[in-house]
Structure formats: structure tokens, C-alpha cells
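Listed here are the chains, written in short residue letters.
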Amino acid sequence: MAALAGLRVLAGGSGVTRAARAAWWQLPRSQNARLKGQLMIRVTCAAGGRQYSSEVKSEDELRVRYLEGEEQGIVVLGINRPHAKNAISKGLVKSMLKAVDSLKGNNKVRTVILRSEVPGVFCAGADLKERAKMHPSEVGPFVSKARALMNEFANLPMPTIAALDGAALGGGLEMALASDIIVAASSAKMGLVETKLAIIPGAGGTQRLPRAVGVALAKELIFSARVLDGIEAKSIGLVSHVVEQNEEGDAAYRRAVALAREFITQGPIAMRMAKLAINQGIEVDLATGLAIEEACYAQVIPTKDRMEGLLAFKEKRPPRYKGE
């Protein structure tokens, strides 16, 4: 009943409360606790929960930039470990978890772009030099923390885009797969190559790749440790957009920014609720998914943004959404 009470507060008026309640309790009992808990956490963030500063302190291995002007609302996370080809280390995982934690409750953030600050590479995977120094008892906990990072990034309430202007191998591709959309340069190389090292993808690759390209093809790619270029990745649906690389080596990033600019003009609460409905809905049967959609829809009804959208349409002007 505590979860329902929380939803009632967020939903606002009685009509919305009834719709939300109906959708809420249609969820099968076996999924009630997990789905309701996840929905409540994200709804609270999207509908005006805790406020965080719009500033995130940049770490040496991760540069965090808040774009301005017509691109205000876009945050760029730039991986910056040139000496290690952006390989995933303990330090990078810590920095990224800190950044993601700051972003997830910031209602001013409309879209997050994940890119590399190092020319020619997105992320070469795990830092094998660091891994070789680990005691076997340390490997499991480290991989678990890396997996938790991918999950936290995947669960950010706003849209996320990975821009691959270079190689994304192993954990690097797993990081990209945790994004909503992947944009790649045609020359970029990507693949889950862990079986070459007698291990398996351990940060979500065995689960997210099949969801992206299908079970049989994902098995083939993982079993063979095959590396694809951007054009091949686009042909199988692994990436959403492929672009020819430019002289500056940032064509995928530029395409990602252009895509993000399309997102930031839309209603921010609606975007978050749409992402939540899709992400939760694809994991359950259709009836449960429709109930999740109804509960998410109930959250946009009482918003000021929805009324602003209607007024802007009537007055034939661009809407001015505030995320309220």
C-alpha cells in the first residue's frame, strides 16, 4: 500500500489516481514487487523528485560537459584514458558511477551522450594489465561492479546515445549496448571478443546483444568473437545510424549531437515515461506491458508541460517545456 500511496501523490487528481491505480494493480502478483518498485523509483525522478545540482565535477578519466545554447540539456560523458585505449579500469568504473548517480536525478538533463575523448577508439574493453594484477578473488567483484555500472547507465531515465568513432570491443561494446541508441562511424570496429580470452561477456553482453540482434546471431557473434565495422553493424541492427568518418574523427559524435537536438525539444517528462514504458514493457507479456504503459501515461496527465503542449498547438507556436 505504501507504493500505491506514493503513486497517488505523484498522480495528482482523483481521475488520474483511479487510472494509475487500475494499471498498477493489473500487474501479475509474481511481478508486482519488482516492477512496482522500479516504476516508483523512476516515476519519482521524472515527476519532480529530488533535485540535484546541474554541475558534475569532471574526473581525469571521465570528462563531463554540459552543452549550452541550442544544445542546452545535452550532457556529454567523454571517456579519457588515452594511455590505455579507454580500457575499463577500477578508476573509470568509479568515475562513471559517480557521474551517472549525479545525472539520474537531475531534471534539467534531457539527453546523455557517451563518447570517447581519445581519437580512434571508443573503449578497448577491460583493462587487461590491471586485470592481470588482480587476485582471482578480486575478479568476480570487479566484474559485478562493472555490470552494475552498465545497469545504472541503462536505467538512466532520460534518452542516452553512444557515439562510436573508433573501436568498441568487449566491455566497450557492452557499454554501448547499455545506451538507448548507438551511432557509429563506418570505420568503427565492434564486437564481443571475450571468448578469445577464454571468458564470456560479463557486463550485460550475453543479455543485451540478443535483445538487439536476435538470439541466433548473438550466439554466432559471441561464439566466433567476430569484429564488425559500422556498416556491418548497421545491417544487422546493432547500431541505429552509421556515418562516414570525417577528418576530425568525430562524425559519430556529431551525428549523436544532431539526434540529441531532436530529443531535447520534446516534453522531458513524457520522454522519461516513454523510455520507462518501453524498457519495462519489452520484458513482460503484452497485457502487463499495456498496464505499465497506462501507469506511465497517468504520470503525464497532471503535468504543466502537457497543458503547455496543448496551448502551444492552439497558438501555433513552439512549446516551452520546463519538465514540470
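See the structure shown above.
Residues numbered from 1 in each chain as written. Predicted model: local features only at pLDDT ≥ 70, side-chain atom pairs only at ≥ 80, totals over all residues. Heavy atoms only, no water.

*Asks:* Explanation requested: the sheet that holds strand S5 (residues 160-164) in the structure shown.
*Replies:* Across a sheet, paired strands are connected by hydrogen bonds in the backbone, their directions being either parallel or antiparallel. If you walk across this open sheet you meet the 6 strands as S1-S2-S3-S5-S7-S10, and the pairing is mixed. Two strands bound the open sheet, and with one partner strand each, they are strand S1 (62-66) and strand S10 (241-243). Neighbouring strand axes in the sheet, compared pairwise and without regard to direction, differ in orientation by 20 degrees on average. On the sheet, helix H4 (residues 90-104) packs against S1, strand S2 (74-79) and strand S3 (111-116) and is oriented at approximately 20 degrees with respect to S1. (Pairing = 2+ DSSP bridges. Helix = DSSP H or I, 4+ residues; strand = E, 2+ residues; numbered from the N terminus. Axes fitted to C-alpha atoms, helices over the stretch in contact; angles between N-to-C directions. Contact = heavy atoms within 4.5 Å.)

*Asks:* Please clarify how the pattern of salt bridges should be interpreted in this entry.
*Replies:* Proximity of charged atoms lets side chains of opposite charge pair with each other. A full pass over the atoms with the stated rule returns 15 salt bridges. Between aspartate 127 and arginine 81 there is a salt bridge, with the nearest N and O atoms lying 3.2 Å from each other. Taken together, the residues aspartate 127 in the loop between strand S4 (121-123) and helix H5 (128-132) and arginine 81 in the loop between S2 and H4 connect sequence positions 46 residues apart. The class of arginine 81 is buried, set by a relative accessible area of 6%. Taking the shortest distance from any N to any O, the salt bridge between glutamate 283 and arginine 211 comes out at 3.2 Å. Of this pair, glutamate 283 sits in the loop between helix H12 (268-281) and helix H13 (286-300) while arginine 211 sits in helix H8 (residues 205-213), and the two are 72 residues apart along the sequence. (Salt bridge = Lys/Arg side-chain N within 4 Å of Asp/Glu carboxyl O. Buried < 20%, exposed > 50% of the residue type's maximum accessible area, 1.4 Å probe, protein only.)

*Asks:* What am I meant to see in the side chain of serine 116 here?
*Replies:* When you line up the elements, serine 116 lands in strand S3. A distance of 2.6 Å separates the side chain of serine 116 from the backbone oxygen of valine 121, its partner in a polar contact. Other than its neighbours up to four places away in sequence, serine 116 contacts Ile79, Asn86, Val121 and Phe122. (Polar contact = N/O pair within 3.5 Å; in protein donor to acceptor, adjacent residues only side chain to side chain.)

*Asks:* How should I be thinking about a nonpolar patch on the surface in this particular structure?
*Replies:* On the surface, a cluster of nonpolar side chains totalling about 270 Å² of accessible area is made up of Leu128, Leu197 and Ile199. Along the polypeptide, isoleucine 199 turns up in the loop between strand S8 (189-191) and H8. Using a relative accessible area of 38% as the deciding quantity, one classes isoleucine 199 as partly exposed. (Patch = residues over 30% accessible without salt bridge, like charges linked within 9 Å, V, L, I, M, F, W, Y side chains within 5 Å. Areas by Shrake-Rupley, 256 points an atom, 1.4 Å probe, with all protein chains shown as cover.)

*Asks:* I tried to follow the sheet that holds strand S6 (residues 167-169) on my own but got confused; where do I start?
*Replies:* A sheet is described by the order of its strands in space; here 4 strands give the open sequence S4-S6-S8-S9, paired in mixed fashion. This sheet does not close on itself; its edge strands, each paired only once, are S4 and strand S9 (228-229). In this structure, S8 lies alongside S9, joined through 2 bridges in antiparallel fashion. Paired with methionine 190 across the two strands is leucine 228, which belongs to S9.

*Asks:* Hey, could you run me through the packing of H8 against helix H9 (residues 215-224) in this one?
*Replies:* Working note: a packed helix pair is described by the angle between its axes plus the distance between those axes. The geometry of H8 relative to H9 is characterised by a closest axis approach of 7 Å and an angle of 130 degrees between their N-to-C directions. The angle between H8 and H9 places the two elements in the oblique class. Our pair here, H8 against H9, has a crossing hand that is right-handed. Of the residues in H9, those in contact with Gly205, Thr206, Leu209, Pro210 and Val213 of H8 are Val215, Leu217, Ala218, Leu221 and Ile222. For the contact of H8 with H9, the residue count by class is 8 nonpolar, 2 polar and no charged. (Parallel < 35°, antiparallel > 145°, perpendicular 65-115°, else oblique. Left-handed = near helix turned anticlockwise from the far one by under 90°. Nonpolar A, V, L, I, M, F, W, Y, C, P; charged D, E, K, R; others polar.)

*Asks:* In this structure, what is going on with the pairing of S5? I would like to understand it.
*Replies:* A regular strand carries its side chains on alternate faces of the sheet. The element S5 is extensively covered by neighbouring structure, given that 5 of its 5 residues are classed as buried. Neither face of S5 is left uncovered, since the one carrying Thr160, Ala162 and Leu164 and the one carrying Ile161 and Ala163 both have all their residues buried. Alignment of S3 against S5, held across 3 bridges, turns out to be parallel. Each bridged residue has a counterpart across the sheet, and for valine 112 the counterpart in S5 is threonine 160.

*Asks:* For this particular structure, what's the right way to read H4?
*Replies:* At 3.6 residues per turn, the α-helix brings residues three or four places apart onto the same side. In a regular helix each residue adds 1.5 Å, so 15 residues correspond to 21 Å; H4 covers 21 Å between its end C-alpha atoms and thus fits that length. Listing the buried residues of H4 in full gives Leu92, Val93, Ser95, Met96, Ala99, Val100 and Leu103. Down the axis, H4 shows its buried residues gathered within 165 degrees of arc, on one side only. Lining the buried residues of H4 we find S1, S2, S3, helix H6 (136-154) and helix H7 (171-177). (Expected span 1.5 Å × (residues − 1). Arc of directions from axis to C-beta.)

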